[in-house]
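Structure at a glance
For reference, the chains in residue letters:
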Amino acid sequence: EAGVVQSPRYKIIEKKQPVAFWCNPISGHNTLYWYRQNLGQGPELLIRYENEEAVDDSQLPKDRFSAERLKGVDSTLKIQPAELGDSAVYLCASSDLAGGSYNEQFFGPGTRLTVL
Amino acid sequence: DQQVKQNSPSLSVQEGRISILNCDYTNSMFDYFLWYKKYPAEGPTFLISISSIKDKNEDGRFTVFLNKSAKHLSLHIVPSQPGDSAVYFCAARALGGDMRFGAGTRLTVKP
């Protein structure tokens, strides 16, 4: 079974440029998560989707970040414009249940973003 | 507000010895705890978990201990192997809540 797929794996951009990350979750997983991991820290949740609905986006900086999960499968996370402080690894994860369930989250390899 | 803390950024042990990784939390609503393992250039992978109704969970060489009164959990790896060298993240969640991660501990197991 294929795991969570993310692309690109690495991205280098100049500040003020836009950037987008793509995630394909494990087949059948209805819950999708985007995390940001800063250097030397653990992952921090940005947004959680249940199917196509964003059920928790309280930590998403909405002035420059946006996300979508059309048709409840693949998801895209966008930053526009990027700032130096956005340099981090962006992780996508999926699980087959959320809310009252403690089902395991499966992580993709992440996209390492460097903003110059 | 760091609700999950791993105060040791790194740990080095000899192959065959026990590795003990520690984690503290502040939120008393957390009732499920997990350990994830991360190799370079890969995403975290689930290792072992424990519910707050238990104080110990064992899976092969890995054992997690939970002390609710102290809001402390630990991961024991015995015997440690060079392939265990990785960053270990402690995570916790409350029912219906999001998972909170610690900053990680880098374990190095020397041959």
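Structure first, text after, so check above.
Residues numbered from 1 in each chain as written. Chains lettered and ligands numbered in written order. Predicted model: local features only at pLDDT ≥ 70, side-chain atom pairs only at ≥ 80, totals over all residues. Heavy atoms only, no water.

**What to know about the environment of Tyr32 of chain B**
All names here are of chain B.
- Note on placement: Tyr32 falls in strand S4 (residues 32-38).
- When the C-alpha positions of Tyr32 and Ala91 are compared, they lie 8.5 Å apart, and in sequence the two are 59 residues distant.
- A polar atom in the side chain of Tyr32 sits 2.8 Å from the side chain of Ser49. (Helix = DSSP H or I, 4+ residues; strand = E, 2+ residues; numbered from the N terminus. Polar contact = N/O pair within 3.5 Å; in protein donor to acceptor, adjacent residues only side chain to side chain.)

**A few points about the packing of aromatic side chains**
- Summed over all chains, the structure comprises 11 aromatic pairs over all chains.
- On the numbers, 6.0 Å between centres and 80° between planes, the contact of Phe107 of chain A with Phe101 of chain B is edge-to-face. Here Phe101 of chain B lies in strand S10 (residues 100-101) and Phe107 of chain A lies in strand S10 (residues 106-107), a pairing that spans two chains. Phe101 of chain B matches Phe107 of chain A in its accessibility class, with the two residues each being buried.
- Consider the rings of Tyr36 of chain B and Phe101 of chain B, whose centres lie 5.8 Å apart with planes at 55°: the pair is tilted. With Tyr36 of chain B in strand S4 and Phe101 of chain B in strand S10, the pair connects residues that are 65 residues apart, well separated along the chain. (Phe/Tyr/Trp six-rings, centres within 6.5 Å; stacked < 30°, edge-to-face > 60°. Buried < 20%, exposed > 50% of the residue type's maximum accessible area, 1.4 Å probe, protein only.)

**Quick word on the interface of chain B and chain A**
- Each partner contributes residues to the interface: chain B has 19 residues there, and chain A has 22 residues.
- Summing both partners gives a buried area of about 1600 Å² for chain B against chain A, and 53% of it is carried by carbon and sulfur.
- The three residues of chain B that bury the most area against chain A are Arg93, Asp98 and Phe101 of chain B, which together make up 29% of that side's buried surface.
- Joining chain B to chain A, the criterion identifies 1 salt bridge.
- Across the pair Asp98 of chain B and Arg48 of chain A runs a salt bridge, and its minimum N-O distance is 3.2 Å.
- In this assembly, chain B and chain A are joined by 4 residue pairs in polar contact (both at pLDDT 80 or more).
- Counting only elements with at least two residues in the side of chain B that touches chain A, the list comes to S4 and strand S9 (86-93) of chain B.
- For the side of chain B that touches chain A, the element with the highest residue contribution is S4 of chain B, accounting for 3 residues. (Contact = heavy atoms within 4.5 Å. Buried area = accessible area lost by both parts, 1.4 Å probe. Salt bridge = Lys/Arg side-chain N within 4 Å of Asp/Glu carboxyl O.)

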